[in-house]
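Topology and contacts: notes
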Amino acid sequence: QVQLVESGGGLVQAGGSLRLSCAASGRTFSSSAMGWFRQAPGKEREFVAAISWNGGSTYYADSVKGRFTISRDNAKNTGYLQMNSLTPEDTAVYCCAAGAPSLSAGGYSYHYWGQGTQVTVPT
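Each chain carries its own residue numbering, running from 1 in the written order of its sequence. Confidence filtering applies because this is a predicted model: local features only for residues at pLDDT of at least 70, side-chain atom pairs given and counted only at 80 or more, and all residues used for totals across whole chains, interfaces and linings. Think of the side-chain values as coming from all heavy atoms in the structure, minus any hydrogens and water.

**Observations concerning the state of the cysteines**
Stated precisely, the cut-off is as follows: Two cysteine sulfurs form a disulfide in these notes if their separation is within 2.5 Å.
In this structure the tally under the stated criterion is one disulfide. Of all cysteine sulfurs in the structure, the one in Cys96 sits closest to Cys95, which takes part in no disulfide; the separation is 7.5 Å.

If you want it as C-alpha cells, here you go:
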C-alpha cells in the first residue's frame, strides 16, 4: 500500500513558478512509475507528466512540455513537479499518482492517488 500527499500548490501570478511535491509512504513507490495529473473546474482529468521508477525516462503532455519538469528522489520517497512560466490555463487541482508498472499517460495505469493540491494562476 502506498499513500501519497501532495504539497506546494498555491496562488501564483502568470509567468511565475511553483514546485509541487508528492511525499509517499510504502516501499513500492521507488519501484514503480509515477505521474502527475490535473483537473480544472468543469473539465476532465488530464495527464501532465510521468517518470519511470528510476527517473531515467520522462514523458510530458504537449501543453506543459518545455515548462514543467518532473523528477523524483527515491531515497526520500518523494516526487516533484517543477512548474515554470505558469499561465491561467494551468489552474487546476494537481494530483500525483504512483504504482504504474511502466511509464504511462493513462490514469488507469496507476494504483495509488493523492488528494491533490490546488494551483491557481489568475487572469
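**With respect to the nonpolar core**
A general tendency of soluble globular proteins is for nonpolar side chains to be buried together. For clarity, the cut-off: Here, nonpolar core refers to any group of buried Ala, Val, Leu, Ile, Met, Phe, Trp, Tyr and Cys residues whose side-chain atoms link them within 4.5 Å. Each residue is assigned to one of three classes by its accessible area relative to the maximum for its type, calculated with a 1.4 Å probe on protein chains only: buried under 20%, partly exposed between the two thresholds, exposed over 50%. Under the DSSP-based scheme used, a helix requires at least four consecutive residues in state H or I and a strand at least two consecutive residues in state E, with every element numbered from the N terminus. The contact rule is simple, with two residues in contact once any of their heavy atoms fall within 4.5 Å.
In terms of nonpolar packing, the biggest core is built from 36 residues, with Leu4, Trp36, Leu81, Met83 and Tyr94 touching the most fellow members. Mapped by element, the contributors of at least two residues to this core are strand S3 (18-25), strand S4 (33-39), strand S5 (46-51), strand S7 (68-73), strand S8 (78-83) and strand S9 (92-100). A per-element tally of this core places S9 first, with six residues. Once residues lying within four places of it in the same chain are set aside, the contact partners of Met83 are Gly16, Ser17, Leu18, Leu20, Arg67, Phe68, Tyr94 and Val119.

**Points about the sheet that holds S8**
To keep it simple, the criterion reads: Whether two strands pair depends on DSSP finding at least two bridges between them. The angle between two axes is taken between their N-to-C directions and runs from 0 to 180 degrees, where each axis is a line fitted to C-alpha atoms and a helix contributes only its stretch in contact.
The antiparallel open sheet is built from four strands, whose spatial order is S1-S3-S8-S7. The outermost strands of the open sheet, each flanked by one partner alone, are strand S1 (3-7) and S7. Between one strand axis and the next, the sheet turns through 15 degrees on average, direction left out of account. In this sheet, S3 lies alongside S1 in antiparallel orientation, the contact comprising five bridges. Of the residues in S3, the one forming a bridge with Val5 is Ala23.

**Quick look at the pattern of salt bridges**
The condition is simple: By definition, a salt bridge exists where a carboxyl oxygen of Asp or Glu is found within 4 Å of a side-chain nitrogen of Lys or Arg.
Under the definition given, this model contains four salt bridges. A salt bridge links Arg38 to Asp90, with the shortest nitrogen-to-oxygen separation between them at 2.9 Å. Of the two residues, Arg38 sits in strand S4 while Asp90 sits in the loop between S8 and S9, which places them 52 residues apart along the sequence. For Arg38, a relative accessible area of 5% corresponds to the buried category. In this structure Asp90 comes out as buried when scored by relative accessible area, which is 1%. In this structure, the salt-bridge partner of Asp62 is Lys65, at a minimum N-O distance of 3.1 Å.

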